[in-house]
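# Geometric and topological summary
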Amino acid sequence: MRRWCLLVLLLLLVDCCLCQFPRPCANSEGLRTKECCPVWEGDGSACGALSGRGFCTEVEVSDEPHGPQYPHSGIDDRERWPLAFFNRTCRCAGNYGGFNCGECRFGYWGANCAEYRESVRRNLLTLSPVEQQKFISYLNLAKNTISRDYVISTATRAEMGENGENPMFSDINTYDLFVWMHYYVSRDAFLGGSGNVWRDIDFAHESSAFLPWHRVFLLYWENEIRKLTGDFNFTIPYWDWRDAQSCEVCTDALMGGRNALNPNLISPASVFSSWKVICTQPEEYNSKEVLCNSTGEGPLLRNPGNHDRRRVPRLPTAADVELAVNLQQYETGPMDRFANMSFRNVIEGFASPVSGLAVPGQSTMHNALHVFMNGTMSSVQGSANDPVFLLHHAFIDSIYERWLRTHQPPRSNYPRANAPIGHNDGYYMVPFMPLYRNGEYFLTNKNLGYEYAYLLDPGQRFVQEVLTPYLEQAQQIWQWLLGAGLFGAVIAVLIVAVFVAARRKMKRSQRKKRVSSFGERQPLLQSSSEEGSASYQTHL
């Protein structure tokens with residue numbers, strides 16, 4: 001009976017293993033055994049097994065064939081991810097998640113991960129000034145805080161020795177962890193020898209996984225910021241760039257204005273002017289056949305609008321977005337940057353939103369914004385260095401959400417085979433840890449615990465975009481308002497007191513005059529009558 005219960009529990013497990021080098025596994029022992037099943041501190045067992053949170057199990061990768069774009073096999077650590085590093089990881093049960101099953105799946109909260117909660121991502125430009133500055137301070141905190149849970153690989157698996165005798169991992173700050181991940185997933189494949197690389201390979205761009213991968217990237221980043229700051233209400237804001245004529249978020253109060261002395265740099269009035277970028281020199285890495293190691297490589301560059309206008313004549317419009325959302329098919333043909341009438345290829349920016357046809361040499365939609373920023377963000381591998389990246393991809397994700405809600409595609413519409421390497425349904429997303437399959441995120445965000453303010457119904461939207469910022473601002477200044485109210489009340493009391501004293505003095509003066517004029521003739525009746533008349537007129 002016990003065996004059958006265990007079998008049933010295993011069948012209920014979800015694919016939530018790991019793979020982005022959790023600190024407990026980045027050592028010789030982890031590499032030698034190829035096992036990454038860290039202990040959950042809550043019960044002292046691997047994967048929280050004693051509490052039923054998960055179990056250490058074999059990683060099963062998809063054997064479906066990929067497309068012809070990558071003709072090699074067995075030369076890149078990202079092939080059949082994560083088997084080059086680990087073949088046993090935690091698989092979490094129910095709503096549990098995290099690399100040791102010590103956290104919850106996206107959208108779930110509480111000690112037992114039983115509470116579903118929906119957070120709302122809002123337009124950066126509609127946030128209150130206090131909320132805007134809090135977002136910027138969180139970014140800067142992440143840039144200056146070493147990641148507690150994760151490290152990065154500074155060498156290929158082969159360089160670390162057959163039995164992991166030479167582990168080569170490095171600490172990295174929380175913000176740059178995600179910059180490195182975006183570099184690693186899109187870097188060229190080393191074929192052996194200086195500069196000998198295969199460039200037509202990318203596990204997160206130019207094919208089906210572009211939207212699901214970046215969806216998980218944002219959720220994962222959001223989760224790390226919540227843990228870092230303790231602000232579990234935090235959500236990534238978005239920049240609605242439809243019909244924009246300039247970079248509306250590129251101001252000193254937000255993402256950094258233009259430097260007056262050098263238009264390629266960020267204004268010194270912005271905290272982002274002091275940021276150093278990483279992973280921005282792919283040609284140097286290729287010539288030396290090395291990985292980016294998170295060494296600072298200079299300042300953040302940005303010169304929005306001064307780009308090649310032959311490649312990007314204008315920014316995307318609201319009409320472009322509507323045309324893209326109305327496309328019926330998610331993926332078509334070769335399922336790469338040459339696909340026609342593919343929603344994914346149009347929204348990524350390799351095809352025209354007007355015709356739906358691939359347009360080599362031009363950049364539309366998502367790609368257009370990257371080119372428009374004209375700096376660090378314009379190079380794929382290093383683009384996540386610019387925090388505008390987050391705002392931009394949050395809005396791209398909202399368009400993806402609109403398409404999913406409009407067409408409600410079954411998971412079977414996502415390519416199961418023959419997409420470029422890394423993009424099939426069953427492929428685990430490189431280099432995330434925990435593990436996530438591409439097809440699992442071909443679903444609405446209503447299952448993932450978040451929503452976009454502009455997609456809410458009008459009443460909810462008013463609360464999120466108008467009332468909530470007002471209340472947040474009022475909450476910040478309530479003490480000042482209370483003090484001002486009390487001060488005003490004191491002043492009012494003083495004015496009333498002075499007024500009452502003046503009236504009494506005037507009445508006493510009037511009584512004296514009447515007594516001297518009329519002598520003793522009915523003094524009480526006369527006094528009462530005249531006083532009442534004077535009071536009424538004064539009040540009137």
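Residues numbered from 1 in each chain as written. Predicted model: local features only at pLDDT ≥ 70, side-chain atom pairs only at ≥ 80, totals over all residues. Heavy atoms only, no water.

For the protein, an unreviewed UniProt entry supplies the name Tyrosinase and the organism Neogobius melanostomus. Database annotation for the protein, UniProt heading Cofactor (unreviewed entry): "Cu(2+)". Taken from UniProt, the Subcellular location (unreviewed entry) comment for the protein reads in full: "Melanosome membrane". (UniProt positions renumbered as here; feature names shortened; annotations may be inferred.)

Take the environment of I201 next. Residue position: I201 is located in the loop between β14 (197-198) and α5 (210-229). On a C-alpha basis, the gap between I201 and I421 in space is 7.4 Å, while along the polypeptide they are 220 residues apart. If we skip the residues at most four places from it in the chain, I201 touches Y70, R78, S186, R187, D188, A189 and I421. (Helix = DSSP H or I, 4+ residues; strand = E, 2+ residues; numbered from the N terminus. Contact = heavy atoms within 4.5 Å.)

Sites flagged by UniProt as "domain: Tyrosinase copper-binding" (unreviewed entry) map to residues 205-222 and 386-397. Within the segment residues 205-222, helix and strand shares are 72% and 0% respectively, and the terminal C-alpha atoms sit 21 Å apart. From the first C-alpha to the last, residues 386-397 spans 18 Å; its make-up is 83% helix and 0% strand.

On the surface, V490, I491, L494 and I495 cluster together into a nonpolar patch covering about 360 Å² of accessible area. Here I491 is to be found in helix α12 (residues 478-518). Take I491: its relative accessible area is 34%, and that puts it in the partly exposed class. (Patch = residues over 30% accessible without salt bridge, like charges linked within 9 Å, V, L, I, M, F, W, Y side chains within 5 Å. Areas by Shrake-Rupley, 256 points an atom, 1.4 Å probe, with all protein chains shown as cover. Salt bridge = Lys/Arg side-chain N within 4 Å of Asp/Glu carboxyl O. Buried < 20%, exposed > 50% of the residue type's maximum accessible area, 1.4 Å probe, protein only.)

The next thing to look at is the pattern of salt bridges. Working definition: two side chains of opposite charge can pair if their charged atoms are close together. Applying the stated criterion across every chain yields a total of 36 salt bridges. Across the pair D76 and R187 runs a salt bridge, and its minimum N-O distance is 3.9 Å. Here the residue D76 occupies a position in the loop between β4 (54-58) and β5 (88-92), and R187 occupies one in the loop between α4 (174-186) and β13 (189-190), the gap between them amounting to 111 residues. According to the relative accessible area criterion, D76 is buried, its value standing at 6%. Taking the shortest distance from any N to any O, the salt bridge between D320 and R314 comes out at 2.7 Å. When its relative accessible area of 4% is taken as the criterion, D320 is described as buried.

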